[in-house]
Amino acid sequence: MIAFLQQVISGAAVGIVYALVALGFVMVHKSTQIFNFAQGELMMLGAFAAYTFIILFGLPFWLGAILAIASVAVFGAVLDRLLLRRMVGTKPFTIFMLTVGIGFCIRSIVMLVPMWGTDTYSLPSPLQGRIFSFGGLIISADHAVILATAALVTTALFLFFRFTRLGLAMRAIAQNPLAASYLGVRVDSLFSIVWALSAAAAALAGVMLAPLSFVHADMGQIGLKAIPAAVLGGFDSLPGAIVGGMIIGIVESLAGFYCPEGVKDVAAYVVLLLVLAVKPRGLFGHPDVKKV
Amino acid sequence: MSKKSELVTGVRDLTLAGLLGRQRPVAIALLVALAVVPCFHSGYWLSQLTFVAIYAIAGFGLQILLGFAGQVSLGQAAFLASGAYVSAYVERIGLGAPLGFAAAIFLTAGLGLLVALPALRMAGLYLAIATMSFGFIVEEVMARWTSVTGGNAGIAIPAIKLGSLSLGQPWQIYYLSWALALVVLLISANLLRTPIGRAMLAIRDSEIAARSSGIRVSRIKAVAFGLSAAFAGLAGALYSHAIGFISPDQFTIAMSLDLLVMILIGGLGTLRGVLLGAVFLVVSPELFQQLIGLFTSGNTEVAGLRPLLFGVSLIFVLLFQPDGIDAMVTRIGEWVAGPAAGGKR
Amino acid sequence: MALLEINDLSLQFGGLKAVDGVSFSVKENEILAIIGPNGAGKTTVFNAVSRIYRPSHGSIRFAGEELTRLRSDQLPRLGLARTFQNIELFAGTTVLSNILLGCHVHRRTGLIAELLFLPSARRQEIAFRAQVEELVDLLDLGAYLHTEITSLPYGVRKTVELARALAIRPRLLLLDEPSSGLNVEETAHVGELIGRIRDSFRTAVAMVEHDMSLVNGVSDRVVALDAGRVVAEGSPDEIRNNDAVKSAYLGVT
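Not measured: the values here are computed from a predicted model.

This part covers the sheet that holds strand β2 (residues 16–27) of chain C. Residues and elements named next belong to chain C. Judged by pairing direction, the sheet is antiparallel, and its four strands sit side by side in the order β2-β1-β4-β5 without closing on themselves. Each edge of the open sheet carries a strand with a single partner, namely β2 and β5 (65–66). Summarising the sheet, strand β1 (residues 2–13) and β2 pair through eight bridges and their orientation is antiparallel. Bridge pairing in β2 places E5 opposite S25. Helix α1 (residues 42–49) rests against β1, β2 and β4 (57–62) of the sheet, and its axis sits at about 70° to β2.

All names here are of chain A. In contact at an axis separation of 7 Å, helix α2 (residues 39–56) and helix α8 (residues 187–213) are set at 55° when each is read in the N-to-C sense. Comparing their axes, α8 and α2 come out oblique. Helix-helix and strand crossings are classified by hand; for α2 and α8 the assignment is right-handed. For the pair α2 and α8, the contacting residues are Q39, L42, M43, M44, L45, G46, A47, A49, A50 and Y51 in the first and A199, A202, A203, L204, A205, G206, V207, L209 and A210 in the second. Its residues placed into classes, the contact of α2 with α8 shows 16 nonpolar, three polar and no charged.

Our next topic: the sheet that holds strand β7 (residues 172–176) of chain C. All names here are of chain C. The six strands are arranged β6-β7-β8-β3-β9-β10 in an open sheet whose pairing can be described as mixed. The open sheet terminates on both sides in strands that have one partner only, identified here as β6 (80–82) and β10 (229–234). Geometrically, the sheet is characterised by an average inter-axis angle of 15° between neighbouring strands, direction not taken into account. As paired strands, β7 and strand β8 (residues 204–208) are joined by five bridges and run parallel to one another. Across the sheet, L172 pairs through a bridge with A204, a residue of β8. Along the sheet, α1 contacts β3 (31–35), β6, β7, β8 and β9 (221–226); its crossing angle with β7, the most-contacted strand, is approximately 140°. Sheet strands touched by helix α7 (residues 184–201): β3, β7 and β8. Its angle to β8, the strand with the most contacts, is close to 150°.

We now examine the nonpolar core. Counting residues in each nonpolar core, the largest one holds 282 residues, and the members touching the most others are A203 of chain A together with I57 of chain B. Broken down by element, this core gets its largest block of residues, 18 residues, from α8 of chain A. Composition of this core by domain shows at least three residues from each of domain 1 (1–79 + 170–253) and domain 2 (89–169) of chain C.

Criteria and thresholds
For every chain, the first residue of the written sequence is number 1, and numbering continues from 1 onward in sequence order. Starting at A for chains and at 1 for ligands, labels are handed out in the order in which the entities are written. At least 70 in pLDDT is required for a residue's local features to be given in this predicted model, at least 80 for side-chain atom pairs to be given and counted, and no such filter applies to totals for whole chains, interfaces and linings, which use all residues. Pairing between strands is defined by DSSP: at least two bridges between the two strands are required. Every helix listed is a DSSP run of H or I at least four residues long, and every strand listed is a run of E at least two residues long, numbered separately from the N terminus. We call two residues in contact whenever the C-beta atoms placed from their backbones are within 7 Å. Helix axes are fitted to C-alpha atoms over the stretch in contact, other axes to C-alpha atoms as well, and angles between N-to-C directions run from 0 to 180 degrees. Convention used here: angles under 35 degrees read as roughly parallel, angles over 145 as roughly antiparallel, angles from 65 to 115 as roughly perpendicular, and any remaining angle as oblique. By the definition used in this description, the sense in which the near helix is turned from the far one sets the handedness, with an anticlockwise turn below a right angle giving left-handed and a clockwise turn giving right-handed. Each residue receives one of three labels: charged for Asp, Glu, Lys and Arg, nonpolar for Ala, Val, Leu, Ile, Met, Phe, Trp, Tyr, Cys and Pro, and polar for the others, Gly being one of them. For this analysis, nonpolar core means a set of buried Ala, Val, Leu, Ile, Met, Phe, Trp, Tyr and Cys residues linked through C-beta atoms within 7 Å. The exposure scheme places C-beta atoms from the backbone and then counts, for each residue, the other C-beta atoms within 10 Å of its own, assigning buried at 20 or more, exposed at 12 or fewer, and partly exposed in between. Where each domain begins and ends is defined by an automated method or by a domain database.

Next up, the structure:
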């Protein structure tokens, strides 16, 4: 039983990482109908940025992390302004392929930057090694911080969307950008903010993941596992993304413990296919109704 | 009042010559060039051109599924893996290469039909995600099913044996690959001039209108999946012989993405675009490395150049030339033929 | 014997009864117009007949078959074709390709014959194109044959959709607002076209229409709907003078 709970908790911590990346997927998709295939690469960029600030520049962990998240957020907004803005009105598939291209570029730039390259780096967190123990259950301080941060971030986002004018405006453009713009909402700037927030979420995920799984150019693939998380939660629901991420993380962890070798690596995708087999438009999807 | 003869007998695509149209001289020249390459090159460029043919075959499959029928697939690598491992297995147990290739084609087609079953109800985003997941799962299965696939260590692929004949020479694989590529090209072209291909295009553009014209959408989609998987399986079998060694880490999402990038840069929806895209995919990384090597001293084997090249090219094409290299070639052709043609068609 | 028989058809969207106990029929070779103010349920009836909507009650019989048991892609084979209010064309291909798609129901070749372009497939293609040529001449689309749909003007697109429906060689053609978006001359041309279609192809036509000049000019019979119910049925003259129809349009009781 203890072992089971242990797996659940460490799975939940990894699940938070997926949840944050999934949050980014959903934020962008909800507002712009774009499926950002480069989300995982943004997470990797966040990890590398944190590595640079903390290890290479020697800044304190918390400061480096915040700078990393901020710089990737700016990068996300710049991506929107420079590239994605031009694709307004084109087919979703075309924009999706653009994000594939962006992902390629981000990955290649990381590999080409002399300080980074294709090596694997370790980015230890300041709480490395410390553990909390609750009657037989061992939680590493890293995991505890991840869970706590997630709770904070979720609450902050919830309050933001519910009670601030900016949050309200973002919900408006998600539902009906044209109407929102008629009402005076600056839709363009808001799209950039959505991309910035989404990139920030990915970067935060990267910062949290780095101590656990090291920093390397192929980290983006881990981000792809957030896609099952997003689909599980319903691709247009923010709380759903968090729940979906946790579920995927926990399922993975349990699969690693109880199932034969290799199942853990694809557990997320198996869950996804099972969900889609039953509900081809995601857990909470609506069928496309076209009026003729 | 249109001339009676103009429509029926003048319809271009009912003959092979008509299909090629004004491109006929260029096509013939290219065919001749392809045929004599082995007389001049035997090493690197011969194998590069072999891979152009192999990727073109897989590309025709993806074009049928995505460019014609509008179904997004991020998991084509799984079908190539299936073709490679099936043919390797059949040959290993002594049943010979022709059967190996046939098995690769038909079993992979069956796999494609299996995938089609749930895929019929999915569209766009979810279909892409589902096929991507399928790709990851197949990759893992290949790694774990060691009795058949040899697991992560991979397996060596011996030369093709036809009776006492051994087709292990690079030039033999080259001719085989191109012969098959041309057959696949012809079949794909036949799709476009018959009801089944038109039905696929219809489904891509408007499922409602397709249904109201009597098209059984599920059936046509299934054909698209099966055909695309069959071609990918054939490509996989050829690939294994061209490389001589296969392992699960060759058939990853990277390969699926490469194929996608290939037909997008080449030209979505066109057959010529597949060939152009395959040339781009195989040849440009090498050229790019050489180019960079001119500026950086010596070290040209830099990881990260390939994704940079593909990423930038893809973004460029999508922003400025969404119809791909194919559209550029058409424009060049019109410009060249302009003064001589002296008027429209 | 009626070609299309609609009996007590009802369709509900949530709490709203869009169609409530509608019954009428279309005879062989006749041109029937369905009129009524906006929201009367005219297009909904069409959508029920072409199996895009599922009726909650009632029967639709076409040439002896009960349509409510069939899928929309099974109707063309029975001889039922339709056009759409918002024009549903295949935007990525040429006019010729669009019209050729109407021939799909007449397909006799299998997958292998088509993949290998066997002589049977070639012969079928030639036959199809001859069929299409007849329609192209009738509808004057020769100049646009190899043009992509996206660059065509609205009126031409409507004609292409009509050609595609006719390529099915239907016994009954459902036209959803054939004159919408067209000017007076184009509308008159459409009226003449509908008459010619009925005469040369012996195709019955049922059309949802708002343009009364077209209705009066070419229809044999008119059915008037209001709020999901049939309020009148008869010749164009009878309908023109019918009180129920007048009150439906003008709100005069």
